[in-house]
Amino acid sequence: MESSMNSPPPIKPPRREKWEKYSKETTGCGLLVSVIKTLDASETNEQRQKEKLKIEKEFKKSDQLLNELVSKHDGDLTKVMQLFGKVSTHVTMSREKIHTVKENLHACKQLLRCRREELKKLWMDAVQQKYVLEMFDQINELRKVPSIVTAYTTKRQYLHATKALTSAIAVGEGALKEVEGLNELRHDLEMRKNQLYSKLLEELAKHLYHTNTADFLTSFQRQGSARNSSYAASPFQRNVLRKSAERAESNTKVRRALFEMQQGAFDVDKTEILEDGEVVDVDLNSTYFIGIITECFALLDKVPESLETIQVQMQCELGAIVARTTQHIITLGPPPLVLDGQNAPPHPLIELLDLLYKQFKIVADTHILLLKNYSNVIQRYKISGKSYDIVDYWSQAQIVLENLLGDYLNIDSPSSEEQPRSTFIEQTTNLNTFFSRRKIPHKKTLFKFDKSSHTVSEGDAKEHRRNLSDMSYDDNITFDPTHTSTDKKKRERQLVCSPDLALIRTIYLPLMNYIFEIEGIAKSGQKCSLHTFLAQHVKETFLARGHNRSLQNTIESLSKTQDAWKAIVSLDEVKRLGLNRPLLQSTVLVESRIRETTNLIQDLPNYSEDLLKMICALLKTYRETCQAAYRGIVQPETEDKRIYSVAWLKDDDISRFLKTLPNWTDLKMSHMRRQQFGKATNHYEMSEEESMVQVQQRNIREAEMLTSNLCEGGISQYEILSDVGVLKELAILQQSMEWFSGRISEFASNLRKPIVNGMVVSNELITPVVVQDGTIKVLTNLALEFDELANTCLLVLHLEVRVQCFHYLRSYPSDRTRAGDFHKGDNLEPDSKVLKLTKVLSDMDEAFSSTLHPRKVKYIFEGLAHLAARILIMASNSMESIDQMSVQRMCRNAQALQQTLSSITATREVALDHARNFYEMLYMKPEEILAQIVEKGAQFTEMQYLNALQLICKNRGVTDQNMLATYQQKLSDLLGPKPPLGVTV
């Protein structure tokens, strides 16, 4: 029995599910139905009999199989029957017990039914009493909440305070909502909720705008400054002496809490463990509190409202940073003195902008951290609404910088209509008040919404301003947007330097670095508002009212002043320019404008094309003025009276001939080398040393060319520039134009190099500004035009000296011979016209030496002796006769000219010796002349010898033409076809 009980029970065959259908092959019921269908379908008894036999046969098989199975499982069946008997016995006993319990319950029911009402009343009383006790407990807890919140807030455990306050408000608005006695407590809790919200906003503003920026500003110290900062040490610096173990433990706890908040699975009671923020690193402290504050905003259901408040306060807080930074730089005092070898300290405004931008970047990083926390709580608490982004922050920062620049650059702040609209409300605030000392107004207005994207009534706007009027961020600074730009001058502003329109040159490049970085953050591909503001100011204010107006005034003064080409610079100015000859004041003035523009292009490289257009206009006007000045010198009167030297220069053949002579090409090459090597070579050098023979041949060619182009009637007094002062003006004009052309060429050459403006963004240089080739070509052409005018002036002076030689020497011998009436005391003096010429030449030399380079003076007077000698010798052609007194006078004339020209050129002018020798030859007999030719060779041309023989014969009274023909034949035989020997003139 025990073995049977210990043996495993038999396995029950699986039961069919209700949904499983029967089949005739597997079940008896199905088989029976099949048999019935077969019998019903059979038509004859034979078929039915066959079916019967078939069924009987199958039955026998089934009976046999059943017997086999029973005999095979006999033991199991026995066990099952025994177990079934036991189970049946237990079931019977259980049924009896249940029946007994049922009877007892029925009896209890009968008894309870008798006291049901009484028991129900007692139960209801117990439940009500329990609920009342719970309510009293809740009320007692609610009464403790204000003190708990105050204690938590004092310890800066804002998350605990928020949790306790929100739980209490939920209880008061939930189960205890109908308790009228709690109305005052509920009102107090709501008030504390608003106070906690304000406290959280204040704490958030502190970490956003004050903590990190204050540490950065305190650490700022000018290089080379000996003064120590008077500011108190930062919290981090004050806590350096604290125990490192305590700090490390606090930092670890804060990092763990931040990680739990980011994961969204944290316990309030375990997460907020920071009681003293000064034992935690500054960055972790701000990160921790920002995360806690955003979590509190979510619990207080103030996320959208706090986002809007942060956006509204953004510009005001940035303005407070501007005020604190300005005060800090002013407190530091002026920059230290620069010693030798030290770099100059940066401009105070550059220091201010650099400090502000770095602080704005610190605030931007804190805003990015804040936005991440907001995104986290919005996602976890499923809060609807849209948050601002970092681009909106930089929009507000740009408005602050624009207002700041408006004060320093003496321009009005941009209107709110011109400011880019963000997706949130923008306050139209004038930040100029940040730079004024604090005044105590009766009413203070913080925000102004009359031009914002929201439309509010006037009364609502005033009420809103009254509610926010008590906010202040600095004991010495008051933010008052009611001030407008019209009363800017009435307020005492705190500025690090005096306002000046030209400050844009100092701050442009640093500002562009900031602008490019801001545009890189926005990634919109468009110019930011600060970029537009700066470009508008530079183009429409600084250039239009400042530099361009100065250029326009210069152009107008040059155009209207008739004597602009007469005034020259002072000696001090000549020394300052490193020159040794005076220049025109107008030329130096225009060059100074070009130099100013060069510096301005370096300061404002993006506006180089606009500046160069103005310079080109100035140069074109000045070119016309100089050309008019030249025409006024060389053609001062009516057109029908010409100046002979100018007329010669207009002849293309003469002009081309003079420019191909070696002395001219050598002069220009020396000038080009001087320009190429700079001012260090402040002298002209000969490119190749010409031999004496080459110099004589060149001078002879020039004298022959000019003589051949001289008119038969000679040159009158009206065809020369007889006033040496006019020639001096022309020389100054030449010197000025040549110097000015070189300056323009140097200016254009420097523009071919890319303008490296020093703008750096993310440690990468911005692409340098390249000036267009067309602009450089215009400047180069203008330089060539000024150089051509200088060449024209020099050639006119060169020709004018020679024209005056023709004027004074050409026709006087015949006049003197025809007069024949000379005083005895005057026979040793040169002719009066020769004396006039020598005086004119000396005056010219004095005028040119003080205005032109010695190399140019040499070019003007070099070869003049050959021309004078040629004119003196050619004068014999017009003489009908000559006596001894005439010969002596001609020799005196040659000697006087030789002395004058030798003193000018500092060389013995041997050409005039030949002229004197020619007239001394007239003392000789024809036979002596021919003998001299045989002995020493020919010194003059055949024509000159023939002319001399004719004069000698006339003077000696030889009238026989045959004898004269004999002398001519002998002269031809002696000279022959060979060229004359020696120096010929």
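Model, not experiment: these values are computed from the prediction. (Residues numbered from 1 in each chain as written. Predicted model: local features only at pLDDT ≥ 70, side-chain atom pairs only at ≥ 80, totals over all residues. Heavy atoms only, no water.)

Peer 1: It is not clear to me how the overall build of the protein should be interpreted in this structure. Could you clarify?
Peer 2: The helix and strand inventory of the protein stands at 34 helices and 2 strands. Taking the contacts inside the protein whose residues are at least 6 apart along the sequence as the reference set, 80% of them involve residues at least 24 apart. Summed over its atoms, the accessible surface of the protein is roughly 54,800 Å², and 53% of this surface lies on carbon and sulfur atoms. (Helix = DSSP H or I, 4+ residues; strand = E, 2+ residues; numbered from the N terminus. Contact = heavy atoms within 4.5 Å. Areas by Shrake-Rupley, 256 points an atom, 1.4 Å probe, with all protein chains shown as cover.)

Peer 1: When you look at the side chain of E862 in this model, what are you seeing that I'm missing?
Peer 2: Within the secondary structure, E862 is located in the loop between helix 28 (854–861) and helix 29 (864–875). The exposure class assigned to E862 is buried, which follows from its relative accessible area of 15%. In this view, E862 contacts N663, V695, R698, N699, H798 and R802; residues no more than four positions away in its chain are not counted. (Buried < 20%, exposed > 50% of the residue type's maximum accessible area, 1.4 Å probe, protein only.)

Peer 1: Explanation requested: the packing of helix 12 (residues 348–381) against helix 13 (residues 390–408) in the structure shown.
Peer 2: Helix-helix packing: each pair is described by the crossing angle between the helix axes and the interaxial distance. Across the interface, helix 12 lies against helix 13 with an axial gap of 10 Å and an inter-helix angle of 160°. Classified by the angle their axes make, helix 12 and helix 13 are roughly antiparallel. Classified by chirality, the crossing of helix 13 by helix 12 is right-handed. For the pair formed by helix 12 and helix 13, the contact residues are L349, L352, L353, L356, Y357, F360, K361, V363, A364, H367, I368 and L371 on the first element and I390, Y393, W394, A397, V400, L401, L404, L405 and Y408 on the second. Here the residues of the contact of helix 12 with helix 13 sort into 19 nonpolar, 1 polar and 1 charged. (Axes fitted to C-alpha atoms, helices over the stretch in contact; angles between N-to-C directions. Parallel < 35°, antiparallel > 145°, perpendicular 65-115°, else oblique. Left-handed = near helix turned anticlockwise from the far one by under 90°. Nonpolar A, V, L, I, M, F, W, Y, C, P; charged D, E, K, R; others polar.)

Peer 1: What should I look at first to understand the nonpolar core in this one?
Peer 2: One broad rule of soluble globular proteins: the nonpolar side chains tend to lie buried together. Judged by nonpolar contacts, the single largest core of 224 residues is most densely connected at F360, Y630, F848, F861 and Y919. Filtering out sequence-adjacent residues up to four positions away, Y630 remains in contact with V646, L649, L730, L733, L789, T792, C793 and V796. (Core = buried A, V, L, I, M, F, W, Y, C linked by side-chain atoms within 4.5 Å.)

Peer 1: When you look at a positive patch on the surface in this model, what are you seeing that I'm missing?
Peer 2: Taken together, the side chains of K109, R113, R116 and K120 make up a positively charged region of the molecular surface. With respect to the helices, strands and loops of the structure, K120 is situated in helix 4 (residues 74–154). (Patch = residues over 30% accessible without salt bridge, like charges linked within 9 Å, V, L, I, M, F, W, Y side chains within 5 Å. Salt bridge = Lys/Arg side-chain N within 4 Å of Asp/Glu carboxyl O. Lys, Arg positive; Asp, Glu negative; His and termini not counted. Charge placed at Lys NZ, Arg CZ, Asp CG, Glu CD.)

Peer 1: Help me understand helix 29 in this model?
Peer 2: Spacing of three or four residues puts side chains on the same side of an α-helix, whose turn is 3.6 residues. Helix length check: helix 29 (12 residues) gives 16 Å between terminal C-alpha atoms against 16 Å at 1.5 Å per residue, within 8%. Of all the 12 residues making up helix 29, 10 are buried; the element is thus mostly covered by neighbouring parts of the structure. (Expected span 1.5 Å × (residues − 1).)

Peer 1: Just checking my understanding: could you explain the packing of aromatic side chains for this structure?
Peer 2: Where two aromatic rings form a pair, the distance of their centres and the angle of their planes describe that pair. A complete count under the given rule lists 16 aromatic pairs for this structure. Taking the centre distance of 5.3 Å and the plane angle of 70° together, the rings of Y393 and W394 count as edge-to-face. With a relative accessible area of 4%, W394 lands in the buried category. Ring geometry for Y622 against F740: centres 5.5 Å apart, planes inclined by 80°, an arrangement best described as edge-to-face. Residue Y622 is located in helix 19 (residues 608–634), and its partner F740 is located in helix 24 (residues 724–751); the two are separated by 118 residues in the primary sequence. One exposure class covers both Y622 and F740, and it is buried. What links up through ring pairs into an aromatic cluster is the set Y357, Y393, W394 and Y514. Lying across the ring of Y197, K302 places its NZ or CZ 5.1 Å from the centre. (Phe/Tyr/Trp six-rings, centres within 6.5 Å; stacked < 30°, edge-to-face > 60°. Lys NZ or Arg CZ within 6 Å of the ring centre and 35° of its normal.)

Peer 1: Is there a simple way to think about helix 18 (residues 585–603) in this case?
Peer 2: Look at helix 18: 27 Å from first C-alpha to last across 19 residues, which is about the 27 Å you get at 1.5 Å a residue. Those residues of helix 18 not exposed but buried are S586, T587, V588, V590, E591, S592, R593, I594, T597, L600 and I601.

Peer 1: Looking at this structure, how should I read a nonpolar patch on the surface?
Peer 2: Together, L66, V70 and L77 make up a nonpolar patch on the protein surface, roughly 250 Å² of accessible area in all. Among the structural elements, V70 can be located in helix 3 (residues 45–72).

Peer 1: Looking at this model, I keep getting lost on the environment of V958. Mind explaining?
Peer 2: Mapped onto the secondary structure, V958 falls in the loop between helix 33 (942–956) and helix 34 (961–975). For V958, the contacting residues outside a window of four places in its chain are C953 and M963.

Peer 1: Quick question: what am I supposed to make of the pattern of salt bridges here?
Peer 2: Oppositely charged side chains can form a pair if their charged atoms are brought close together. A complete count under the given rule lists 26 salt bridges for this structure. R908 is the salt-bridge partner of D913, the closest N and O atoms lying 3.1 Å from each other. Exposure remark for D913: the relative accessible area of 10% places this residue in the buried category. You can call R908 exposed: its relative accessible area is 55%. In this structure, a network of salt bridges that share partners links the residues E591, R595, R743 and E746.

Peer 1: Would you take a moment to explain the environment of H798 for this structure?
Peer 2: Structurally, the position occupied by H798 is in helix 25 (residues 773–809). C-alpha of H798 to C-alpha of L658: the two residues are 140 residues apart in sequence and 9.7 Å apart in space. In terms of polar contacts, H798 uses its side chain to reach the side chain of E702, at 2.5 Å. (Polar contact = N/O pair within 3.5 Å; in protein donor to acceptor, adjacent residues only side chain to side chain.)

Peer 1: Just checking my understanding: could you explain the confidence of the model for the protein for this structure?
Peer 2: Close inspection of predicted coordinates is inappropriate in any region flagged by low pLDDT. Mean pLDDT over the protein: 75, with 73% of residues reaching 70 or higher. Low pLDDT, under 50, characterises residues 812–825; the predicted model gives this stretch 14 contacts beyond four residues in sequence or across chains. (pLDDT = per-residue confidence, 0-100.)

Peer 1: So what exactly am I meant to see when it comes to the environment of N410 here?
Peer 2: Among the structural elements, N410 can be located in the loop between helix 13 and helix 14 (458–467). For the pair N410 and T541, spaced 131 residues apart in sequence, the C-alpha separation works out to 9.8 Å. Setting aside anything within four residues of it in sequence, one finds N410 in contact with L405, P499 and D500.

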